[in-house]
Amino acid sequence: MRIALAVLRRDRRSQVATVLVALGVMIAVSLVLWLVAAPNALQARSDRTVWREVFGAKSDGAISVAVTRDSYDGRLIQRFDVARTRPGAVAVADGIAKFPEAGEVLLSPALADLVRTTPPEKLGNRFPGRQVAEIGPQALKFPGELVAIVGHEEVRAGYPAPDLRGGTGPYPDDYRSMLTLLTRVGLVVLVVPCLVLVASAARLTAAKRERRLAALRLAGASPRQVVVMTAVETAIGAVVGSVLGVLLAKPFSYVTATIPWEGGTWFPGDFVPTPAVVAAVALLAPVLVVGAAILGLRRVVNQPLAAEQRRTVRPWRLLAIGGAIGVFFLGVTYAQQARGDNQFTVVLLGLGAVALALVLAGPVVTAWVGRFFVGRWRGPSTLLAGRRLAGDPVAAFRGSAGVVIAVFTGSMALTMLPGLESQVPFRDPTWRENAVVAEDVKHDVTGLRLATSAPIVTMLDGTVGDDVRGMAVVVGRCEDVATVLPGLACRPGPAVYTAEPLQGTKFESAQTQTSLPARYETRPFAGSGRVSAVIDRELLPAVAGEVSLVAVPTTAENREAVHTALVGGLPGARLANSDELYGDTLMADLERATVIGLSIAAVLGGIGAAVAAAGSVIDRRRTFGALIAAGTPIRVLGRALRREVMLPVAAVTLAACGAGIVVGVGLLTVARGVVGHGEMPVTPWVLAPVGVGVVVALVAALACGPVLRGISPRDYAAE
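Keep in mind it's a predicted model, so treat the numbers as computed, not measured. (Residues numbered from 1 in each chain as written. Predicted model: local features only at pLDDT ≥ 70, side-chain atom pairs only at ≥ 80, totals over all residues. Heavy atoms only, no water.)

A. Highlighting the overall build of the protein chain. Helix and strand counts for the protein chain stand at 23 helices and 16 strands. Contacts in the protein chain between residues at least 24 apart in sequence constitute 82% of all its contacts with a sequence separation of at least 6. Taken as a whole, the protein chain presents about 31700 Å² of accessible surface, with 60% of it coming from carbon and sulfur. (Helix = DSSP H or I, 4+ residues; strand = E, 2+ residues; numbered from the N terminus. Contact = heavy atoms within 4.5 Å. Areas by Shrake-Rupley, 256 points an atom, 1.4 Å probe, with all protein chains shown as cover.)

B. Quick peek at the nonpolar core. Grouped together as the largest cluster of nonpolar side chains are 74 residues, with contacts concentrated most on Phe328, Leu351, Phe408, Met412, Val663 and Leu667. Take this core: its biggest share by element is 13 residues, from helix α20 (residues 634-675). Residues Met459, Leu488, Phe525 and Val531 belong to the second largest nonpolar core, which totals 20 residues. (Core = buried A, V, L, I, M, F, W, Y, C linked by side-chain atoms within 4.5 Å. Buried < 20%, exposed > 50% of the residue type's maximum accessible area, 1.4 Å probe, protein only.)

C. Examining the confidence of the model for the protein chain more closely. Across the protein chain, the average pLDDT comes to 80, with 84% of residues at or above 70. The secondary-structure element of the protein chain with the lowest mean pLDDT is helix α23 (residues 713-718), recorded at 53, while strand β3 (residues 104-107) shows the highest, at 95. Per-residue pLDDT stays below 50 along residues 168-172; that stretch engages in eleven contacts with residues further than four places along the chain or on separate chains. Note that pLDDT drops below 50 for residues 674-678; the model gives that stretch 17 contacts with residues more than four away or on any other chain. (pLDDT = per-residue confidence, 0-100.)

D. Highlighting the side chain of Thr430. Inspection of the secondary structure assignment puts Thr430 in the loop between α14 (401-423) and β7 (435-439). Among the polar contacts made by the side chain of Thr430, one reaches the main-chain amide nitrogen of Arg530 at a distance of 2.8 Å. Those residues within four positions of Thr430 in sequence are excluded, and the remaining contacts are Leu485, Pro486, Ser528, Gly529, Arg530 and Val531. (Polar contact = N/O pair within 3.5 Å; in protein donor to acceptor, adjacent residues only side chain to side chain.)

E. Representation of the pattern of salt bridges within the structure. What the rule picks out here adds up to 18 salt bridges. A salt bridge links Glu101 to Arg84, with the nearest nitrogen and oxygen atoms 2.7 Å apart. Of this pair, Glu101 sits in the loop between β2 (75-84) and β3 while Arg84 sits in strand β2, placing them 17 residues apart in sequence. For Arg84, a relative accessible area of 28% translates into the label partly exposed. The salt bridge partner of Arg126 is Glu560, with a shortest N-O separation of 2.9 Å. With a gap of 434 residues between them, Arg126 in the loop between α4 (109-116) and β4 (130-134) and Glu560 in helix α17 (residues 559-569) connect regions that are remote in the sequence. Exposure remark for Glu560: the relative accessible area of 25% places this residue in the partly exposed category. Look at the salt bridges and you will find they share partners, linking Asp70, Arg126 and Glu560 into a network. (Salt bridge = Lys/Arg side-chain N within 4 Å of Asp/Glu carboxyl O.)

F. Structural detail: the pairing of strand β14 (residues 533-536). Alternating positions in β14 separate into two faces, Ala533 and Ile535 on one and Val534 and Asp536 on the other, with burial throughout. Bridge analysis of strand β9 (residues 470-476) against β14 gives four bridges, and the strand direction is parallel. Residue Val475 lies in a different strand from β14, and its bridge partner there is Ile535. Sheet topology note: the strand β10 (residues 496-498)/β14 ladder contains three bridges and is antiparallel. (Pairing = 2+ DSSP bridges.)

G. Representation of a nonpolar patch on the surface within the structure. A contiguous nonpolar surface patch, about 480 Å² in accessible area, is contributed by Ile236, Val239, Val240, Val243, Leu244 and Leu247. Looking at the secondary structure, you find Leu247 in helix α7 (residues 223-256). (Patch = residues over 30% accessible without salt bridge, like charges linked within 9 Å, V, L, I, M, F, W, Y side chains within 5 Å.)

H. Representation of the environment of Cys657 within the structure. Along the chain, the position of Cys657 falls in helix α20. Each C-alpha atom of the pair Cys657 and Val686 lies 7.5 Å from the other, and the pair is 29 residues apart in sequence. Residues contacting Cys657, with those up to four places away along its chain left out, are Val407, Ser411, Val686, Leu687 and Val690.

I. Molecular detail of the environment of Val690. As for its placement among the helices and strands, Val690 is situated in helix α21 (residues 688-701). Residue classification places Val690 among the buried positions, given a relative accessible area of 13%. Between the alpha carbons of Val690 and Leu654 there is a distance of 6.7 Å; along the sequence they are 36 residues apart. Beyond its immediate stretch of four places on either side in the chain, Val690 contacts Val407, Thr653, Leu654 and Cys657.

J. Up close: helix α10 (residues 319-337). Its 19 residues place the ends of α10 28 Å apart at the C-alpha level, agreeing with the 27 Å of an ideal helix rising 1.5 Å per residue. Among the residues of α10, those classed as buried are Ile321, Ala324, Phe328, Gly331, Val332 and Ala335. Each buried residue of α10 lies within a common arc of 105° when the element is viewed along its axis, so the set occupies one face. Exposed side chains of α10 directed beyond 90 degrees from the buried face belong to Leu319, Leu330 and Gln337. (Expected span 1.5 Å × (residues − 1). Arc of directions from axis to C-beta.)

Right under this line is the structure:
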């Protein structure tokens, strides 16, 4: 131990290596703590919003609740219309001051401020009544969330519920499952570049340390003494880095809390891992680093005279990629059948196996590249680089590993992103863009007619056909329906407007059943979306006056006022376009998460490559000193070093890109099971990470220049 401490005190290169190990471990610990805190953040949101889960309650609930998704000025509003169904006390969740009676309203602080600063005809009239309290943070998903609980005498479109406390489990939604999958994928693909960075830093003086330890072994040092010296040298940097990583995790969590998700940021205490997780990560990181350093001493301990020999690689490493992909798709199959957070476990094990298999197989490809250029190239720089790649492929590939994982991650993400765009809630082309449409209407529309002077279109939706196949149709006055439904060209007289013949004559809606007359005129309808046909009301006199859809055409000037009148006059009715803003928000979140993850992976890969490239120069100071003393120009050595980094990256990143595409398609399959729909397109952009990886590797290779220029023939004499 005294020898190890003396080396650290007096050897500058060992000190630099220790500092870099500390920095690498610090980054790795901070990232891991950040990613493992995500489930806690999700659970915190679930605990605060579980009161919103009213579905599946007993039919004899004490209250009726209608949950609707609204919006104002591009911001989502969560609205809950409630009413008593029997007298008695109603329990409420933390953060909800009381159950609002008819004519009473509870608003979140952000929504209350927005209502106060907005004309009532544009927003406030959506929440008729007197505000009796504000909803506390204990009942909100995020700071600034817009939530309203509106009390009524009766909620026609509501669900029965026992109270406003909700269940005991997590609040289920697509966001939770999607973020769980993304954070665990990020944990796998970002930890690998961290490990590469730590390994590159630890190998900064590996060659010199191996020679020193081999000399000590030959001088009589026992294997235990050699292991202890290595453990002490490595543990100092690893422990310091782990402590710094834990200390950095706290302010890092506050920065993370400012990243929007699902329309808003997080409360500061959400992204905080449990003490047990912090302790486990803080202890495990130094143990893994020290263990890896000790495992690298096998040759020094067992064969000290062979410490200078280069390690060879076997082609069987390539089989690891096929095996890892097999494990991954086994996990995909399991995830499609399982439920809960554990459904992703096998998928993530397979994902990690693919990433490690790429690192394991990289030296084989590196050796092949080196042999190719040694045998077919005559330029001095390329020959020097080729001999290095063929002679020590493990060391030559070490710096490229982080870049390869970054390319793998980028290709995987760019494969998933276009598919996720089709899997999030999509834009509904059924109605005109200027129309505000309410569905599941069970209200008298007289109050709505009094609240707005805009034309109101009443319709009844249903199906026409047999029990096997029914076409979605709407019943209404054609001239009115044409103002809100695109592709409808009306002519005088009652008729059926359809793109294809109706599959029967029986019309069925939630309210009634009736039949079309035996003979009627059919006219073309070129609409799109969910409506396949429009039937004039005169053809179905039995449904006269029945309404399930209410639509209002608007202008840019009166849209918010009409929207407010519709929501206020038809409480609990679902807005047809409410999912569009939700889908846009989710897509923006996914794009943001992708950019952040890829940026971190690229930076870590570049730093790891730069450290490894600089370390390879330090390890070969004697060799480079001899070449310089023999008259080799430094510019030739500089080009050789850059090609040592670039050639493996150019070769292996193509394989990493292919693996990323395959894994991305598999993850899309899992995401498709989470969301329930979507396509799986693959665009040419999946190849972009290859070019980015080559550029990052080139920038990292430039780090060799300053180190190389510091070498002189005296280094050869000193050795």
